[in-house]
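# Commentary on secondary and tertiary structure
Now for the letters of each chain:
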There are 2 protein chains.
Amino acid sequence: MSKPTTRKPRTDAERNRGRVLEVACELFAERGDEVQMAEVAKAAGVGVGTVYRHFPTRQALIEAVTEQRFAEILAYARTACLPNPDTRQALTCFLTRIGEVHDEGRGVSSAIEAALGSTEPRGEVGTDLLALGETLLDRGRADGTLRADVKVADLYMIAGAVAAISRDAIGDWRRFIDIALDGLRPR
Amino acid sequence: MSKPTTRKPRTDAERNRGRVLEVACELFAERGDEVQMAEVAKAAGVGVGTVYRHFPTRQALIEAVTEQRFAEILAYARTACLPNPDTRQALTCFLTRIGEVHDEGRGVSSAIEAALGSTEPRGEVGTDLLALGETLLDRGRADGTLRADVKVADLYMIAGAVAAISRDAIGDWRRFIDIALDGLRPR
DNA sequence: GACGGATTCGGAATCCGATTCCGCTTAGAG
DNA sequence: CTCTAAGCGGAATCGGATTCCGAATCCGTC
């Protein structure tokens, strides 16, 4: 049960997949989810069929793009948030990034927060994000910034909320971040 | 500029509009947004054209249904939440209702939270909801349950978040309500 | 109570975009 | 260099929203 599932893809096929994904990321960032499959294909210099070969569904493509966003956020969190010794600031920084991602390219948003919140994340990016969250929360619990019973699920639920709020312009998400984090402090 | 905009609608037209809206509410509640315009038409016993006459767009129909939901929530809030002397409980009750609406008939959700959060609500239902929120917040500020600087916008931002979280099953929205409300307490 | 025009209705036709299909190409193993 | 399966392109198909317009209804008028 190891051969049939693992036939190495042709080199150019892989390159095409890369092109498509890259282009899709840009387009979705620019114009949100009004982007059409045909556009992506043209912009990537391939036929629709090729797009569909690599991403069997529009939804699948969107999920792939979303994973890219996650990767970016993860990278940002590691370099910009984690090092901040003030746990509260680190968390704010992390959540703020999520809001910003939606503010600029309002990309693929609908999928983002749904995935953000799920505790069973796709791929290692998700796993790493969870781990990173756990780290931050541990720190917070240790230095008394956070309640002892705060869970990663809580953090990502809040992350999902930030995503939704910023996506739909429901309100001032920066303010929301403050409120939510206040809600995690020890009573 | 008052005549051309106000030609009274034909009686049966109004009845049809009512039927359509009613049926749409039920269908959306049952099967979420996979419901098709043609289905609504058939279920209401009219042609598609008629549906479109009253709701020029699928989106418009959804918004109308959403307003119904708001009305229900408003009614519930007035009778079940407002009377509760404990402000915190009243707020919890209100927000919980929003989560429940999504849990049962997972209706029209996408639109709901977007509208919930906007500070410029459609129709009087929206206005009344804002007013009711203001009342609750005043009470909370007065009895020291809430920070002095809490705004209605905050409450509805949280409401929007609850809607999003419950809609996409991002996490335990009941827990989220607790966290968010804790975030509104005086420091 | 019948009449006439404006308003509505019904549902076939149209439009649009996602997805499928399949003959043609090309990478790359032997 | 040859042969074959993996990939490619893009026309055709499908599904569902939206438009169009002749037929059917209302309703104020006579």
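About the thresholds
- The numbers attached to residues start from 1 for each chain and follow its sequence in the written order.
- Chains carry letters and ligands carry numbers; both start at the beginning, A for chains and 1 for ligands, and go up in the order they are written.
- pLDDT decides what is reported in this predicted model: residues at 70 or higher carry local features, side-chain atom pairs at 80 or more are listed and counted, and totals for whole chains, interfaces and linings draw on all residues regardless.
- No hydrogens and no water enter the side-chain calculation; it runs on all heavy atoms of the structure.
- One heavy atom suffices: a residue is near a molecule or strand as soon as one of its heavy atoms comes within 4 Å of it.
- Any N or O atom pair separated by 3.5 Å or less is treated as a polar contact, with the protein-specific requirement of one donor-capable and one acceptor-capable atom, and with residues adjacent in sequence counted only for side-chain atom pairs.
- A run of H or I in DSSP counts as a helix once it spans at least four residues, and a run of E counts as a strand once it spans at least two, with each numbered from the N terminus.
- Our superposition of the copies is a least-squares fit, built on the C-alpha atoms of residues whose pLDDT is at least 70 in both.
- Whether two residues are in contact is decided by their heavy atoms: any pair within 4.5 Å suffices.
- Joining through side-chain atoms within 4.5 Å is the link that ties buried Ala, Val, Leu, Ile, Met, Phe, Trp, Tyr and Cys residues into a set, and such a set is a nonpolar core.
- Note on exposure labels: buried denotes an accessible area under 20% of the residue type's maximum, exposed denotes more than 50%, and partly exposed covers the range between, all computed with a 1.4 Å probe on protein chains only.
- Working convention: axes come from line fits to C-alpha atoms, limited for helices to the stretch in contact. Angles between N-to-C directions cover 0 to 180 degrees.
- In this scheme the crossing of two helices becomes right-handed for a clockwise turn of the near helix relative to the far one and left-handed for an anticlockwise turn of less than a right angle.
- Lys, Arg, Asp and Glu make up the charged group, whereas Ala, Val, Leu, Ile, Met, Phe, Trp, Tyr, Cys and Pro make up the nonpolar group; the residues left over, Gly among them, are polar.
- Should a side-chain nitrogen of Lys or Arg be within 4 Å of a carboxyl oxygen of Asp or Glu, the pair is scored as a salt bridge.
- Each angle is binned into one of four classes, with values under 35 degrees roughly parallel, values over 145 roughly antiparallel, values of 65 to 115 roughly perpendicular, and all other values oblique.
- Pairing of aromatic rings covers Phe, Tyr and the six-membered ring of Trp, with a centre-to-centre limit of 6.5 Å; geometry is then stacked below 30 degrees between planes, edge-to-face above 60, and tilted otherwise.
- When the NZ atom of lysine or the CZ atom of arginine is within 6 Å of a ring's centre and also within 35 degrees of its normal, the charge is said to sit over that ring.

The local shell around DNA strand D holds 21 residues, among which A:R10, A:N16, A:T50, B:T11 and B:Y52 are the closest. For DNA strand D, the fraction of atoms within 4 Å of the protein that belong to sugar or phosphate moieties is 74%. Here a phosphate oxygen of DNA strand D sits 3.4 Å away from a polar atom, N or O, in the side chain of B:Q36. B:R58 has a polar backbone atom sitting 2.8 Å from a phosphate oxygen of DNA strand D. Among the secondary structure elements, those contributing two or more residues to the surface near DNA strand D are helix 1 (11–31) and helix 3 (48–54) of chain A together with helix 1 (11–31) of chain B.

Aligned on chain B, chain A shows an RMSD of 0.1 Å; the corresponding rotation is 179° and the shift along the axis is 0.1 Å. Taken together, the rotation angle and the small translation identify this as a two-fold axis. The position closest to the rotation axis in chain A is occupied by the C-alpha of A:G183, lying 1.8 Å away. A share of 100% of the interface residues of chain A reappears at the interface of chain B, consistent with the copies meeting face to face through the same patch.

A few words now on the nonpolar core. Counting 74 residues, the largest nonpolar core has A:F94, A:F176, B:F94 and B:F176 as its most contacted members. When near neighbours in sequence (up to four residues on either side) are disregarded, A:F176 contacts A:I158, A:A161, A:V162, A:I165, B:M157, B:I158, B:A161 and B:F176.

Phi at A:A169 takes a positive value of approximately 50°, unusual for a residue other than glycine. Given the relative accessible area of 63%, A:A169 is considered exposed.

This brings us to the packing of helix 4 (residues 58–81) of chain B against helix 7 (residues 123–142) of chain B. All names here are of chain B. Running from N to C, helix 4 and helix 7 point in directions that differ by 35°, and their axes come no closer than 9 Å. Read as a crossing pair, helix 4 and helix 7 show a hand that is left-handed. Of the residues in helix 7, those touching helix 4 at E67, F70, A71, L74, A77 and R78 are G123, V125, D128, L129 and L132. When the residues that make up the contact of helix 4 with helix 7 are grouped by side-chain class, the tally is seven nonpolar, one polar and three charged.

With that settled, the discussion passes to the protein's contact with DNA strand C. Close to DNA strand C lie 23 residues, the nearest being A:T11, A:Y52, B:R10, B:N16 and B:T50. Take the atoms of DNA strand C that sit within 4 Å of the protein: sugar and phosphate atoms are 73% of them. Taking A:R58, its main chain carries an N or O atom lying 2.8 Å from a phosphate oxygen of DNA strand C. With respect to DNA strand C, the side chain of B:R10 contributes an N or O atom lying 2.2 Å from a base oxygen. Counting residues per element, the surface near DNA strand C draws most heavily on helix 3 (residues 48–54) of chain B, which supplies five residues. Residues that form the surface near DNA strand C fall into these classes: eight nonpolar, nine polar and six charged.

Here the focus is the pattern of salt bridges. All names here are of chain A. Counted under the stated rule, the structure contains 30 salt bridges over all chains. Residue E34 is joined to R31 by a salt bridge in which the shortest nitrogen-to-oxygen separation is 3.1 Å. Note on R31: relative accessible area 27%, which makes it partly exposed.

Interhelical geometry of helix 8 (residues 152–167) of chain A versus helix 9 (residues 173–182) of chain B gives an angle of 80° and a closest axis separation of 11 Å. Overall, the two elements helix 8 of chain A and helix 9 of chain B adopt an arrangement that is roughly perpendicular. Touching A:D154, A:M157, A:I158 and A:A161 of helix 8 of chain A are B:W173, B:R175, B:F176 and B:I179, all from helix 9 of chain B. Of the residues contributing to the contact of helix 8 of chain A with helix 9 of chain B, the split by class is six nonpolar, no polar and two charged.

We now examine the side chain of B:T87. Checked against the element boundaries, B:T87 lands in helix 5 (residues 87–103). Residue contacts for B:T87: discarding those within four places in its chain leaves B:L136, B:R139, B:G140, B:D143 and B:T145.

Listed by partner, the interface residues are 31 residues for chain A and 31 residues for chain B. The tally of links from chain A across to chain B stands at eight residue pairs in polar contact (both at pLDDT 80 or more). Broken down by secondary-structure element, the contributors of at least two residues to the side of chain A that touches chain B are helix 6 (109–117), helix 8 and helix 9 (173–182) of chain A. Of all the elements, helix 8 of chain A adds the most residues to the side of chain A that touches chain B, at nine residues. In the side of chain A that touches chain B, the residues fall into 14 nonpolar, five polar and 12 charged.

Next up on the list: the environment of B:D138. Counting through the fold element by element, B:D138 comes out in helix 7. B:D138 sits 12 residues away from B:V150 along the chain, and the two C-alpha atoms are 9.2 Å apart.

All names here are of chain A. Per the counting criterion, the structure on display carries three aromatic pairs over all chains. Ring geometry for F94 versus Y156: centroids 6.1 Å apart, planes at 80°, classification edge-to-face. A residue pair is termed long-range when its members are at least 10 positions apart, and F94 in helix 5 (residues 87–103) and Y156 in helix 8 qualify at 62 residues. Comparing F94 with Y156 shows no difference in burial state: the two are buried. The aromatic ring of Y76 is capped on one face by R97, whose charged end is 4.8 Å from the ring centroid.

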